[in-house]
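Summary of the model geometry
In case you want the letters, here they are:
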Amino acid sequence: MTTSNPVVFPDGFLWGGATAANQIEGAYDQGGKGLSIQDVMPNGIVAPRTEVPTPDNLKLEAIDFYHRYAEDIALFAEMGFSVFRFSIAWSRIFPNGDEEAPNEEGLAFYDRVLDELEKHGIEPLVTISHYETPLHLAETYDGWVSRDLIGFYERYVRVLFERYGHRVKRWLTFNEINSVLHAPLLSGGINTPKDRLAPSALFQAAHHELVASALATKIAHETDPDIQVGCMVIAMPIYPLTPAPADVLAVMNADHANLMFSDVHTRGAYPGYALRYFRENDIELDITDEDREILTNTVDFVSFSYYMSLCETADPTKSAGEGNIMGGVPNPHLPASEWGWQIDPVGLRVVLNQFWDRWGKPLFIVENGLGAKDRLVEVDGVKTVVDDYRISYLNDHLVQVAEAVADGVQVLGYTSWGPIDLVSASTAQMSKRYGFIYVDRDDDGSGTLTRYRKKSFDWYGEVIRSNGASLTR
Ligand code: BG6
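Everything quoted here is computed from the prediction, not taken from an experiment. (Residues numbered from 1 in each chain as written. Predicted model: local features only at pLDDT ≥ 70, side-chain atom pairs only at ≥ 80, totals over all residues. Heavy atoms only, no water.)

Examined against the element boundaries, Asp111 turns out to sit in helix α4 (residues 104-119). Setting aside residues no more than four positions away along its own chain, Asp111 makes contact with Arg163, Tyr164 and Arg167. (Helix = DSSP H or I, 4+ residues; strand = E, 2+ residues; numbered from the N terminus. Contact = heavy atoms within 4.5 Å.)

Spelled out as C-alpha cells, the structure:
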C-alpha cells in the first residue's frame, strides 16, 4: 500500500543519537576502570582477542568522550536532541565485575555526564551492558555461561538504579541480546572460542542473560514504578529468497532464532518452538523454578537496532551475506553499503509492524545509520563533510518510520547510531563513520580528535525542529 500523506510524527516523539561506552569513551585505564573484553579486541569481531591491550586497539582512546563529553553533548543539543542513548561501562563501576563495592570514581563520571544532559534538557537512555563485559568475568567465569554472572549483574544494576534511578527513567538491559548466539565473546563475554562452545553452554548463557534482564526489570520497578525497562535486540526482517515453501520455512526458523529473545522478554516464558528446538537438539538447560518466576517480569518496551534485512533459503549452495554476523543470503533487489550491509528502508516499516503485531509493546528504534567513508573538505572556508549519501539513507528510513506510525504502530523515538563518529564494533575501524559530527582520527590512530559539523548535522537539526515534517518522500 502506498500513500502520499505528509510525513507526520507523534507529538513528544524522542529524537537523538546512540553510542556505547567502549566505542567513544577511551580512557580505558583511567578513573579506576578495569579492563573490559573490548580492551583486548583490537579487530572487532573479525579476529581473536589478544592477551593484553595492544596499541593498535583504537578503542583504548576511542574519541576521548571521557574528557570531551561536555563539548559533544553541547553539539547534540545544538542539533536539538531530546534523547541521548549511551552505555555505562560495567568495568568503570565494578572494575573486575565481581567486587562487593563499586568504584566511586566511575559512578562520579556518569553523574557528570547526566548533569550535562540535564543542563541541555536531553533525556538519557542508558544501556546497562553494551558489548563490554569486564574482562575478569570473561576469563574467570567464561562470561554468561556461568550462573554467577546473574548475581554480579544484579549487584551492578542495584547500584545503577540507586544512584541514577531518580534521573534516568529509561533503561536497556543488554545491547542486541540476540547476537550472543552469533558472537559469544562480544555479546556474552564468553571466552571459550565459538567453535569449541557446546550449544548447551551457549543457550545456557543466553538463558542467564534473559533471567538477569528480567531481574533488572523487577528491581527497577521495585525501586521506582516510573522507571521503564526495555530489551534491545537486532531487528532484521528476513525475506524468502524464492516463494518455495522450503525457503519460507527457512525464514520461519531464522525468525524464531532471532525473535526467541524478545518473545521471552515480552511474554515471560519460552515459546513452544524454542522448547522443541532444545528437545530435538540435545540442549539441556538448567532452568529453575525461581528462573521461571523471574522471567515473568516482562519489559515495558522493546527497543532494537535496524541496519539491514536479509534473505533466507533452504538451498545450501547459496552463501552468506558479507559482513553480516546473523547469516542469511544477499537480496538481489537491494544495494549495499561499502561494508556490504544491504540497504532496505522499507524493511524498517516491515519490522516495526511485525514487532507491534507480535507483542503490542511500545517500540524504540535505538540504532540505525549508514557506516561510510567520509572526506573532510572545505566549503566557504569551513571544514565539513558533504555527506548527501548519509542524509538520503536516514531520510528514507525515517519516512518509513512515519509510515509505520501511520499504520498504527506506537513508536517512542529514534536514536541514530553514532551521531558522532566512533570506533566500529564489528571492524574496530574509525573509517566506518556514522556521525553527524566528524572526528579527526584515522584508522592508524593519528589525528587531533577535533570535531567538525558535517552537512547532515544541519539536516538532522532541521528534521528534529520540524518533528519530521522536513523529510522528503
Ligand atoms: C550494532 C552495535 O550492532 O551495530 C553497535 O550495537 C555497532 O555497537 C553498530 O557499532 C554498527 O556496527 P559497526 O560494526 O558498523 O560499528
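Next comes the rest of the description.
This part takes up the site of the ligand. Of all residues adjacent to the ligand, which total 14 residues, the nearest are Glu176, Glu367, Ala425, Ser426 and Tyr434. Interatomic distance of 2.8 Å between a side-chain N/O atom of Asn175 and an oxygen atom of the ligand. Between the ligand and Trp417, the relevant distance is 3.2 Å, taken from an oxygen atom to a side-chain nitrogen or oxygen of the residue. Here the ligand, which alone exposes 380 Å², has 95% of that area covered by the protein. Each residue belonging to the shell around the ligand can be placed in one class, and the counts come to six nonpolar, five polar and three charged. (Near = heavy atom within 4 Å. Polar contact = N/O pair within 3.5 Å; in protein donor to acceptor, adjacent residues only side chain to side chain. Areas by Shrake-Rupley, 256 points an atom, 1.4 Å probe, with all protein chains shown as cover. Nonpolar A, V, L, I, M, F, W, Y, C, P; charged D, E, K, R; others polar.)

This next bit is on the sheet that holds strand β7 (residues 301-306). Strands sit in the order β1-β2-β3-β4-β5-β7-β9-β12 around a closed barrel of eight strands; the barrel is parallel. Sheet twist, expressed as the average angle between the axes of neighbouring strands with direction ignored, equals 25°. As judged from the three bridges shared by strand β4 (residues 170-172) and strand β5 (residues 228-235), these two strands associate in the parallel manner. When the sheet's bridge partners are listed, Leu172 is paired in β5 with Gly230. The strands touched by helix α14 (residues 455-465) are β1 (14-18) and β12 (411-417); relative to β1, the strand with the most contacts, the crossing angle is about 150°. (Pairing = 2+ DSSP bridges. Axes fitted to C-alpha atoms, helices over the stretch in contact; angles between N-to-C directions.)

Turning to the nonpolar core, a few remarks are in order. Membership of the largest hydrophobic core comes to 138 residues, with the highest contact counts inside it found for Ile88, Tyr153, Trp171, Phe304, Leu352, Phe355 and Tyr460. With twelve residues, helix α8 (residues 199-223) is the single largest residue contributor to this core. Ignoring any residue separated from it by four or fewer positions in sequence, one finds Phe304 in contact with Met232, Val233, Ala235, Leu348, Val351, Leu352, Phe355, Leu363, Phe364, Ile365, Val366 and Glu367. (Core = buried A, V, L, I, M, F, W, Y, C linked by side-chain atoms within 4.5 Å. Buried < 20%, exposed > 50% of the residue type's maximum accessible area, 1.4 Å probe, protein only.)

Right, let's get into the packing of aromatic side chains. Applying the stated criterion to the full structure yields 36 aromatic pairs. Ring geometry for Phe65 and Phe84: centres 6.3 Å apart, planes at 45°, overall tilted. On the criterion of sequence distance, the pair formed by Phe65 in helix α2 (residues 65-79) and Phe84 in strand β2 (residues 83-87) is long-range, its members being 19 residues apart. As far as the burial class goes, Phe65 and Phe84 line up, both buried. Consider the rings of Phe203 and Phe278, whose centres lie 5.3 Å apart with planes at 65°: the pair is edge-to-face. A residue pair is termed long-range when its members are at least 10 positions apart, and Phe203 in helix α8 and Phe278 in helix α10 (residues 272-280) qualify at 75 residues. Phe278 shares its class with Phe203; the two are buried. The side chain of Lys432 reaches across the aromatic face of Trp341, ending 3.6 Å from its centre. (Phe/Tyr/Trp six-rings, centres within 6.5 Å; stacked < 30°, edge-to-face > 60°. Lys NZ or Arg CZ within 6 Å of the ring centre and 35° of its normal.)

Let's shift gears to the pairing of strand β9 (residues 363-367). Looking along a regular strand, one sees the side chains alternate between the two faces of the sheet. Within β9, five of the five residues are buried, leaving the element largely enclosed by the surrounding structure. Summarising the sheet, β9 and β12 pair through three bridges and their orientation is parallel. Bridge pairing links Leu363 to Val411 in β12.

The next point concerns helix α12 (residues 345-359). Given a rise of 1.5 Å per residue, 15 residues ought to cover 21 Å, and the 22 Å separating the end C-alpha atoms of α12 matches this to within 8%. Taken as a whole, α12 has its buried residues at Pro345, Gly347, Leu348, Arg349, Val351, Leu352, Asn353, Phe355 and Trp359. Phi for Gly360, located one or two positions after α12, is positive at around 60°. (Expected span 1.5 Å × (residues − 1).)

For the pair α2 and α4, the least separation of the axes is 9 Å and the interaxial angle reads 10°. On the basis of their axis angle, the class for α2 and α4 is roughly parallel. Together, Phe65, Tyr66, Tyr69, Ala70 and Ile73 of α2 and Phe109, Arg112, Val113, Glu116 and Leu117 of α4 make up the contact between the two elements. The residue inventory of the contact of α2 with α4, partitioned by class, reads eight nonpolar, no polar and two charged. (Parallel < 35°, antiparallel > 145°, perpendicular 65-115°, else oblique.)

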